[in-house]
Every structure is written in structure tokens, then in C-alpha cells.
Amino acid sequence: MALPTFVVSAKPAAHETDLLALLVREGSEVAAGGGLDALLARCAKEEDFTGKEGQVLSLHTHGKLGAQRLAAIGIGKEKDRDRTLEQLRAAASRAVKLARAAGAKSLAIAGPFDGPDPVQAAAEGASLGAYAFDRYKKEKKPLKLTRVDLLIPGKPARVLADAARLGCEIADAVCAARDLVNESPGHATPRALAAEARKVSEKLGLECEVLGRAQIAKLGMNLFLGVARGSAEEPQLVRIAYEPARAGGKAVALVGKAITFDSGGLSLKTAQGMEDMKTDMAGAAAVIAAMRLVAALKPPFPVRAYFGACENLPSGTAYKPGDVIVGKNGTSVEVLNTDAEGRLVLADVLAWAVEEKPAAVIDLATLTGAILVALGPWMAGLFSNDDALAGELLAAARAAGEPVWRMPLPPEMEELIKSPVADLKNTGGRFGGSINAALFLQHIAGPASIDKERGYNARGGTGAGVRLLAAFIRRRGSAASPRASKAR
């Protein structure tokens with residue numbers, strides 16, 4: 001659950017709270033009022049606190065302020081608007097972590113909250129920083145914090161309260177995706193993932209269709225079923241649909257990879273290579289969570305989410321290297337490596353999604369470790385054959401604080417995935433692995449999980465893509481709105 005976060009008109013010195021966090025720009029003086037400014041200036045000098053991003057100066061107020069404790073948190077130098085929003089997310093997250101360590105029940109944050117976007121960013125950061133996946137731990141460290149106040153000097157406008165509420169909703173959806181990614185593969189099975197999609201849909205009034213093995217076979221999704229053959233778990237094909245109250249434009253399709261556990265199949269991974277393979281369904285987790293936000297944002301066009309959930313396991317019934325399988329769209333694929341399974345499932349699911357003729361298809365997938373080699377553990381790769389759509393996604397990524405880098409799709413590399421016995425082969429060799437995968441599908445791949453805490457991302461599942469999709473849908477919805485068109 002997101003932390004209850006409110007916009008409050010108050011002077012920091014007088015506001016009663018367990019912990020007051022002052023967000024300080026680099027080179028600015030630390031000032032709280034209430035007769036502590038001289039002490040703060042002296043402490044800042046002694047501790048070499050200059051407001052650099054990530055710096056913290058903490059002290060007890062001894063009753064000289066409304067707050068019992070005070071923390072100055074550096075947010076660095078002012079940069080462009082998108083970077084400022086990310087600084088606020090990170091600082092709000094840090095404030096919550098300080099509140100957790102201090103056992104605080106209430107937290108107030110004073111910073112440059114000069115509009116809806118900064119307020120939304122701070123609300124997001126606070127709840128994202130509070131996240132912990134501890135359901136299997138005997139000794140839990142529950143967060144005592146029950147309230148976060150974002151302090152502004154003037155009377156809070158309704159638009160700011162709405163922004164704080166949206167920030168909480170976005171963070172709540174991201175954390176729901178994190179929970180799915182962090183869950184053990186014995187519990188987060190294909191059926192469990194489909195059940196979560198149903199549950200979210202029923203709660204929010206969305207349509208949800210779940211198909212089993214026989215129905216998937218009727219649709220001609222042989223690539224999907226080929227990957228699922230090695231597991232006793234029933235594969236599940238899921239479609240979630242949002243329809244606007246009034247007939248809108250063409251739909252946006254969101255597709256997520258949903259391999260709930262990937263052993264590599266008969267092309268078996270190493271033991272170490274399997275350690276994080278419960279996260280191979282992070283794309284589906286992201287689109288399920290994103291549909292929660294679609295229901296809240298109510299864009300004027302339909303949005304549909306799709307995923308095919310299964311396990312990729314070795315057994316006597318598993319598909320084999322050398323198999324030739326014909327997919328839903330009639331394309332034959334020679335399987336050279338059963339560990340390149342995600343693109344096979346996605347090929348069939350994408351073929352199903354495009355039958356509804358959407359205006360845009362966005363595919364989120366942990367498709368290949370090669371993208372992590374290229375871009376590192378925190379940057380997602382974006383492949384697109386549409387420059388305008390790629391531009392929209394890059395702008396949404398900057399606003400959401402989810403770093404994305406556009407990768408090339410050189411047509412000459414298609415030679416690498418041509419097969420002598422079929423239309424395509426499912427791997428193009430060692431070099432340009434992520435590009436080969438993208439050419440096979442013609443999508444976003446990246447950091448589903450991280451191995452150590454970074455800012456407001458806890459170790460484990462990141463919920464990557466949820467905020468980006470929310471920003472994309474929101475921006476596209478505003479552009480499609482008649483009111484927005486008149487305003488321009």
C-alpha cells in the first residue's frame with residue numbers, strides 16, 4: 001500500500017511532525033527557521049554538507065521546532081525539469097528511509113514543490129522508498145510511518161492534492177509489480193499470474209479474458225505451446241481491456257513477457273544463470289500494474305494488455321533444438337536454442353494483439369541479457385520501427401525517471417536470423433544478441449531486477465516500465481483530448 005501523502009500549507013519550523021526533511025539545493029544555505037538556522041549553518045560547515053545529491057545532515061531539534069528530528073537532504077544542482085523530478089523522487093525516498101531508521105510515525109518534507117509534477121514525483125518517491133518484500137521473513141521490520149506531508153507556503157490547490165494522489169497510485173502499482181517479480185516461482189505460476197490479472201480487472205471494472213492450452217492451440221499459437229511443452233503447468237493466455245466511456249480512437253496495445261520460470265529448457269542454463277529467472281515475467285507484471293493506472297487515468301482511447309504465461313523447463317516432452325515450429329502468423333521458426341524462448345511466445349502473442357489493429361504496440365520484455373551487457377543494469381533498451389512512437393516513449397521515460405536508450409534496428413542484420421530450413425531461426429548468434437531478438441519481433445527490454453538497493457529501488461524486482469507506461473498513456477491521452485487540442 002502507498003504511504004498516505006498529503007499537500008499541506010505550513011511553515012517548516014512550526015509544523016508538528018516526528019521528522020522534518022529539508023530538501024536542499026547544492027550551494028544553498030540550510031534553513032528551517034525557528035531559531036535553528038545558525039546552528040544548522042555551523043553543523044553544515046562542520047560536516048561539509050553542501051547540498052550535493054544524496055548528502056544527509058541529521059540532528060535532534062530538542063524542542064526548538066515543531067519537528068522532533070530534522071534532516072537536510074541534498075538534491076544537487078538544478079538541472080532540466082525531468083532531472084529535477086528525479087531528484088525529488090530520490091530525496092523523498094531517502095527521507096522515508098531515514099524515518100524508518102528513526103522509528104518516526106510522521107514525516108514532513110519541505111522542498112521545491114512548485115507545481116503538480118514535483119508534488120507527484122515526491123509522492124511517488126516516498127512510497128517507492130518505503131517498499132520492502134518481507135512476506136517470507138520471520139523477523140519483519142514494519143514501517144511505523146503512517147503519514148507524509150509535503151509542505152508548501154501557500155494554500156494548497158486541488159490540482160496539487162490530485163497530483164499527490166496520482167503519485168501514490170503510480171507507486172502502489174509499481175510496488176504491486178515488484179511483488180509479482182519478487183514472488184517465488186512456485187507461487188507465481190502461469191495460473192497465479194492469470195488469477196492476478198482477473199483480480200485486478202474485476203476490482204477496476206476492466207474486461208479480462210483467460211485462455212488455456214486447448215484454446216491457445218485453436219488460435220494456432222504453436223510457438224507459445226512449444227515453449228510450454230516441457231512443463232506440467234498449464235499455459236495461460238491473457239487479455240485485459242479498458243474501453244473509454246465514449247468511443248475513442250484506435251487502441252494502444254501493451255504486451256508483456258510472462259515466462260514465470262526460465263531454466264533454458266533443454267539448452268539448460270547454469271545454476272547461477274537460473275538464480276534470477278523467476279523475474280522473467282517482469283514484463284507481464286508491468287502491464288498488469290499499468291492497467292491499474294489506465295483505469296485511474298481513463299484515457300479517451302482503448303488500452304489492451306496481453307501476455308502468454310508459461311514455464312520453460314526441460315523434460316521428455318520439451319521442445320528441442322532443431323525443431324521447426326509454425327507460429328500464429330504462419331511464419332516458420334527453426335529453434336536453435338531453447339533458451340531463446342521469450343521471443344517465441346511473444347511472437348504469437350504479438351500476432352494476436354495486432355489482429356485488433358491497434359494504433360501502437362508496446363512490448364515489455366526481459367528478452368536478453370545482451371541488453372544489460374550493452375547498457376548496464378539500470379538502463380532499458382528501446383527498439384522501435386516507428387520514430388514518432390519512439391519519441392513519445394523516450395519523452396515519457398524522461399518524465400517518469402525510467403532511463404531508456406534507443407537501440408538500432410539495422411535491416412542488414414536480418415541475414416543473421418534467416419534459416420536454411422525455415423523462414424527464421426530463433427537466435428542470430430553471439431553478437432548483437434538484443435538486436436537480433438528485436439529484429440525477430442520488431443520492443444523495450446531492460447532492468448527487471450537489481451542485485452543491490454539503488455535510490456528508491458529496493459534490491460530485487462524494480463517494477464520497471466510501469467511509470468513509463470503511465471506517463472505515456474497520460475501524455476497520449478492529453479494529446480487526444482478535445483480540451484487539450486483547443487488549448488493548443
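Please refer to the structure higher up on the page.
Cut-offs used in this document
Residues numbered from 1 in each chain as written. Predicted model: local features only at pLDDT ≥ 70, side-chain atom pairs only at ≥ 80, totals over all residues. Heavy atoms only, no water. Helix = DSSP H or I, 4+ residues; strand = E, 2+ residues; numbered from the N terminus. Rg over C-alpha atoms; globule rule 2.2 N^0.38 Å. Buried < 20%, exposed > 50% of the residue type's maximum accessible area, 1.4 Å probe, protein only. Areas by Shrake-Rupley, 256 points an atom, 1.4 Å probe, with all protein chains shown as cover. Disulfide = S-S within 2.5 Å. Pairing = 2+ DSSP bridges. Axes fitted to C-alpha atoms, helices over the stretch in contact; angles between N-to-C directions. Contact = heavy atoms within 4.5 Å. Salt bridge = Lys/Arg side-chain N within 4 Å of Asp/Glu carboxyl O. Right-handed = clockwise from strand over helix to strand, strands pointing away.

1. Re the overall build of the protein
What the protein contains, in helices and strands, is 15 helices and 19 strands. The globule rule puts the C-alpha radius of gyration for 488 residues at 23 Å, and the 24 Å found for the protein is close to it. When the backbone C-alpha atoms are referred to their principal axes, the protein occupies close to 80 × 55 × 40 Å. When the 488 residues of the protein are sorted by exposure, 55% land in the buried category. For the protein, the exposed area adds up to about 21700 Å²; of that, 52% sits on carbon and sulfur atoms.

2. Things to note about the state of the cysteines
Within this structure, the stated rule accounts for 0 disulfides. In this structure Cys-168 is a free cysteine whose sulfur lies 11 Å from that of Cys-175, the closest cysteine sulfur available. Accessibility expressed as a relative area gives 12% for Cys-168, which makes it buried.

3. Focus on the sheet that holds strand E2 (residues 17–25)
Ordered by their spatial adjacency, 6 strands build an open sheet running E1-E6-E5-E2-E4-E3, and the pairing between neighbours is mixed. What marks the edges here is a single partner per strand, and that holds for strand E1 (5–9) and strand E3 (56–60). Recorded for the sheet is a direction-independent mean angle of 20° between the axes of neighbouring strands. The pairing of E1 with strand E6 (residues 147–152) spans 5 bridges and is classified as parallel. Across the sheet, the residue bridging to Thr-5 is Val-148, located in E6. Against the sheet, helix H2 (residues 81–102) engages E2, E3, strand E4 (67–76) and strand E5 (106–110), with an angle of about 150° to E4.

4. Digging into the pattern of salt bridges
Counted under the stated rule, the structure contains 25 salt bridges. Here Asp-387 and Arg-406 are joined by a salt bridge, their closest N and O atoms 2.9 Å apart. Placement of Asp-387 in helix H12 (residues 387–400) and of Arg-406 in strand E15 (residues 404–406) is noted, with a sequence separation of 19 residues between them. On the accessibility criterion, Arg-406 (31% relative accessible area) is partly exposed. Glu-392 is the salt-bridge partner of Arg-476, the closest N and O atoms lying 2.6 Å from each other. Under the relative-accessibility criterion, Glu-392 is labelled partly exposed at 28%.

5. Let's talk about the pairing of E6
Most of E6 is tucked away: 5 of the 6 residues are buried. Of the strand pairs in this sheet, E5 and E6 are connected by 5 bridges, and their pairing is parallel. Across the sheet, residue Ala-108 finds its bridge partner in E6, namely Asp-149. Read as a crossover between parallel neighbours, the route from E5 over helix H3 (residues 116–129) to E6 is right-handed.

6. Observations concerning the sheet that holds strand E12 (residues 332–334)
An order of E11-E12-E16 is seen for the 3 strands of this open sheet, with the pairing classed as mixed. Looking at strand neighbours, the two that pair on one side only are strand E11 (324–326) and strand E16 (424–425), the edges of this open sheet. As paired strands, E11 and E12 are joined by 3 bridges and run antiparallel to one another. Bridge pairing in E12 links Val-326 to Ser-332.

7. Concerning helix H13 (residues 433–441)
Counting buried residues along H13, 9 of its 9 residues qualify, which places the element largely inside the surrounding structure. Turning to H13, its buried residues are Gly-433, Ser-434, Ile-435, Asn-436, Ala-437, Ala-438, Leu-439, Phe-440 and Leu-441. On its buried face, H13 sits against E12, helix H10 (342–354), strand E13 (360–365), helix H11 (370–375) and E16.

8. Some points on the environment of Leu-70
Relative to the elements of secondary structure, Leu-70 occurs in strand E4. Sequence separation between Leu-70 and Ser-231 is 161 residues, and the spatial gap between their C-alpha atoms is 55 Å. Here Leu-70 is in contact with Leu-19, Leu-20, Leu-22, Ala-32, Leu-40, Leu-57, Ser-58, Leu-59, Thr-61 and Leu-65, once residues within four sequence places are set aside.

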